[in-house]
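# Examining the three-dimensional arrangement
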Amino acid sequence: MSALKDIVVLVPGRLHDHAVKRVEETFRMLRIERADPALLLAGMADEIRGVAAMATIDPAFIDALPKLEIIASFGVGYDHVDAKYAATKGVMVTNTPDVLTEEVADTAVGLLINAVRELPRAENWLREGRWVREGAYPLSKGTLRGRRVGIFGLGRIGLAIARRLEGFGLPIAYHNRRPVEGVGYAYHPTLVGLAEAVDTLISIAPGGASTAKAVNAEVLRALGPDGVFVNIGRGSTVDEEALIAALSDGTIRAAGLDVFADEPRVPQGLIELPNASLLPHVGSASVHTRQAMADLVVDNLAAWFSQGRPLTPVPETAGLKKP
Ligand code: NAP
Ligand code: 8YV
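To start, this report covers the structure provided alongside it. (Residues numbered from 1 in each chain as written. Chains lettered and ligands numbered in written order. Predicted model: local features only at pLDDT ≥ 70, side-chain atom pairs only at ≥ 80, totals over all residues. Heavy atoms only, no water.)

This part covers the overall build of the protein chain. Across its full length, the protein chain carries 13 helices and 12 strands. Here the protein chain has a C-alpha radius of gyration of 22 Å; the compact-globule value for 323 residues is 20 Å, and the two agree. Principal axes of the C-alpha set define a box for the protein chain whose edges measure 65 × 45 × 35 Å. For the protein chain, buried positions account for 50% of its 323 residues. (Helix = DSSP H or I, 4+ residues; strand = E, 2+ residues; numbered from the N terminus. Rg over C-alpha atoms; globule rule 2.2 N^0.38 Å. Buried < 20%, exposed > 50% of the residue type's maximum accessible area, 1.4 Å probe, protein only.)

Tracing the backbone shows Val219 in helix H10 (residues 217-223). It is 44 Å that separates the C-alpha atoms of Val219 and Arg49, two residues lying 170 residues apart in sequence. Apart from residues no more than four positions distant in its own chain, Val219 is found in contact with Leu191, Val192, Ala195, Leu201 and Ala214. (Contact = heavy atoms within 4.5 Å.)

Given two aromatic rings, their pairing is described by the distance between the two centres and the angle made by the two planes. By the definition in use, this model includes 3 aromatic pairs. Ring geometry for Phe27 against Phe305: centres 6.0 Å apart, planes inclined by 65°, an arrangement best described as edge-to-face. One end of the pair, Phe27, is in the loop between helix H2 (17-26) and strand E2 (28-32); the other, Phe305, is in helix H13 (residues 287-307), with 278 residues separating them in the sequence. The same class applies to Phe27 as to Phe305, namely buried. (Phe/Tyr/Trp six-rings, centres within 6.5 Å; stacked < 30°, edge-to-face > 60°.)

Summed over all chains, the structure comprises 1 cavity of 30 Å³ or more. Looking at the largest cavity, its volume works out to about 30 Å³. Considering the residues around the largest cavity, the lining is formed by Asn231, Gly235, Val238, Glu240, Leu243, Leu257, Val259, Phe260 and Leu270. Taken together, the residues of the lining of the largest cavity break down into 6 nonpolar, 2 polar and 1 charged. (1 Å grid on protein atoms, 1.4 Å probe; cavity = no way out; pocket = protein on both sides within 12 Å on 5 of 7 lines; lining within 4 Å. Points joined across faces, edges and corners; volume = space filled by probe spheres on them. Nonpolar A, V, L, I, M, F, W, Y, C, P; charged D, E, K, R; others polar.)

Structure follows, in structure tokens:
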């Protein structure tokens, strides 16, 4: 344990309090306001062997830390960390999979029901006194009954969403770059093909270049006028202008969105739409689950520095050995 106490771990920017506390107790912690090489004081860069962060970590920052061995990122999605570049520099990258899977799947189902059955609007009707003044909230135009669900990104969380919706009696199909072994759901090799086959598209795909604006005008047209689109993956996977147009002109019926392209800024066009149910990126945001994610960040650092291998490396760096 005393050996770990000699190791310098940098926390750039904001990080979950529990992770900060544990980094401070376990290692020698340094903090800077953001992951910017210009903020590294003289002598600091040569000491830092680990980074614990939920901030963007780019090649310039990795290059500025010559002794860096590991970046432990908070969150399962790590599109804000250049893991490919880190791999070329022999720097391990870890994320926080599994501990948030069921929580995010719960949120996805809640968001779907909110979008289809208009529950947030119905609650506002009650709070605004309209039940008393005007009578019952209008019948929801949408229903889950008879829906066919397509999942874009059938990985850990996608499968947990699929299991839940199977329990709702809904047929499931999916699109990934390749079929998932041992899964009986219908596979579609293209996202447009999936959208044509279903009326309810749930995106839980990661961000990054390969999914950028994948949900575009063509996909939304394919989903059709009874279509419901739910995004709980990354905002970058959606052409938001095309989505606003599709929701405005009836190309699709409704959307439920937890993630946006330029968070925390949400396009005014979406905020004004009555058929968009919007959440401020709360997929994993319970005290219970965020604490588990924070623990996994620090457990990865501790496992790397004490046993030479982390618990949950990202695929790009999984083969790296400790120097
Ligand atoms: P995962 O197990 O790695 O699953 C990702 C799935 O997406 C895989 O099945 C993968 O299959 C598929 N995929 C990746 N790139 C693709 C592409 N270009 N085209 C089609 N499919 C693609 O990850 P997870 O744990 O389920 O998490 C998924 C994502 O959810 C995270 O990366 C994160 O962005 C997001 N997330 C959001 C929240 C929130 O609070 N809203 C919380 C947690 C996670 P193939 O490799 O076969 O294509
Ligand atoms: C976190 C997420 O809120 O894990 C992810 O990929 O999007 C969320 O669980 C986020 O990473 C914390 O910034």
